[in-house]
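Spelled out from the first residue to the last, the chains are:
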Amino acid sequence: MKITFLGTSAGAPTRRRNVTSIALQLDQQSKLWLFDCGEGTQHQVLRSPLRLSQLDKIFITHLHGDHLFGLVGLLASRSLQDSIESPVTIYGPQGLSEYIRVSLEISRTRLQYPIHIEITKPGQICDTEMVEVFAAPMSHGITAFGYAVSEKTQPGRFEVERAKELGIPEGPLYGQLKRGETVTLLDGREIDGKSLVGAEKPGRKIVFCGDTTFTPNAIELSRDCDLLIHEATYMHADKPLALRANHSTAIMAAEVALQAGAKMLALTHFSARYEADTAQGLPELLAEAQSVFPNTYLAHDFWTVTVPRREPPTA
Ligand SMILES: [Zn+2]
């Protein structure tokens, strides 16, 4: 699982930061998922190794413009690339279908590939072979969701070489052994499949809370995650601004990570005020968060985080 931050600024872009979008690449599948799609996301994709031809799903947290205004342009540009026919599924709050439909209709844009729009509801919203996605309501003064991507436990590796050494004939028996069943060979030997299959690989979990002020729902959604991506629009000194606009301070984000038992916290969605003001800026915001949750990092545009596999539980 690999995350690339395509935009890390709140509200409006700055010289160094675009508005929100986060890319997720799942292992072993050349599929690209996006979380939010602020204006200019397609330009950011062009400046990265990511490819829109691989785009498979987009998850929109809420319908504020800085998380949404890049969506239709990105979909339209993808349609101009030859030979892209693979569908894109877009998840998001009520109102998303109308926004997309009207934008496409009025601009007379006809996409060359199908799109499916799924209105997000709390709970499991997506179940694929490898992962499940869960949504939970956030607290942002507008319908807003956080999304958790949970990888399913993968079966351990079947040790083909050892099976061959034991003289087990290839074929249907291998399937039974892979599933951990015990099989009886023609010569009477009994082989326990579990002895030929390595340890299961536990799934990883990443969570993106979108825009929100402190809410217990974010803690619940982020429970035991490997990576929590949380907005930190404001420093603690500006907490009144955060509360007024239903945003988070760095300390609020760190509290969520701490209480959820997250392994790592990546802060994003910073107010532009801290980039201009060098006396009191992002290093201080980071220090505030680290005073609560030490394993915290500041995201920047094009920062890529690879979430390592979890160690199998020791018996
Ligand atoms: Zn917002």
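Structure shown above.
Residues numbered from 1 in each chain as written. Predicted model: local features only at pLDDT ≥ 70, side-chain atom pairs only at ≥ 80, totals over all residues. Heavy atoms only, no water.

K.L.:
I'd like a description of the coordination of the zinc ion, backed by residues and values.
P.N.:
Looking at the metal site, the zinc ion is ligated by H62 (NE2), H64 (ND1), H140 (NE2) and D211 (OD), spaced 2.2 to 2.4 Å from it. Classification of the site at the zinc ion rests on its four donor atoms, whose angles at the metal span 86 to 177°, yielding the label irregular. Here the donor residues of the zinc ion share one chain and are spaced in sequence as H-x1-H-x75-H-x70-D. With a gap of 149 residues between them, H62 in the loop between β4 (55-59) and α2 (71-80) and D211 in the loop between β12 (205-208) and α6 (216-221) connect regions that are remote in the sequence. Pair check on accessibility: H62 and D211 agree, each one buried. (Donors = N, O, S within 2.8 Å, 3.2 Å for Na, K, Ca; no water. Tetrahedral: all angles 85-135°; square planar, octahedral: opposite > 155°, others 65-115°. Helix = DSSP H or I, 4+ residues; strand = E, 2+ residues; numbered from the N terminus. Buried < 20%, exposed > 50% of the residue type's maximum accessible area, 1.4 Å probe, protein only.)

K.L.:
I'd love a proper account of the pairing of β4, names of residues and values included.
P.N.:
Consecutive side chains along a regular strand alternate between the two faces of the sheet. Counting buried positions along β4 gives five out of five residues, so the element sits mostly inside the fold. Of the pairings in the sheet, the one linking strand β3 (residues 32-35) to β4 comprises four bridges and is parallel in character. Looking at the pairing, F35 lines up with F59 of β4. Direction of pairing for β4 relative to strand β5 (residues 88-92): parallel, over a ladder of three bridges. Bridge pairing in β5 links K57 to T89. Each parallel crossover has a hand, and the one from β4 via α2 to β5 is right-handed. (Pairing = 2+ DSSP bridges. Right-handed = clockwise from strand over helix to strand, strands pointing away.)

Spatial relationships are all this shows, so hold off on functional conclusions.
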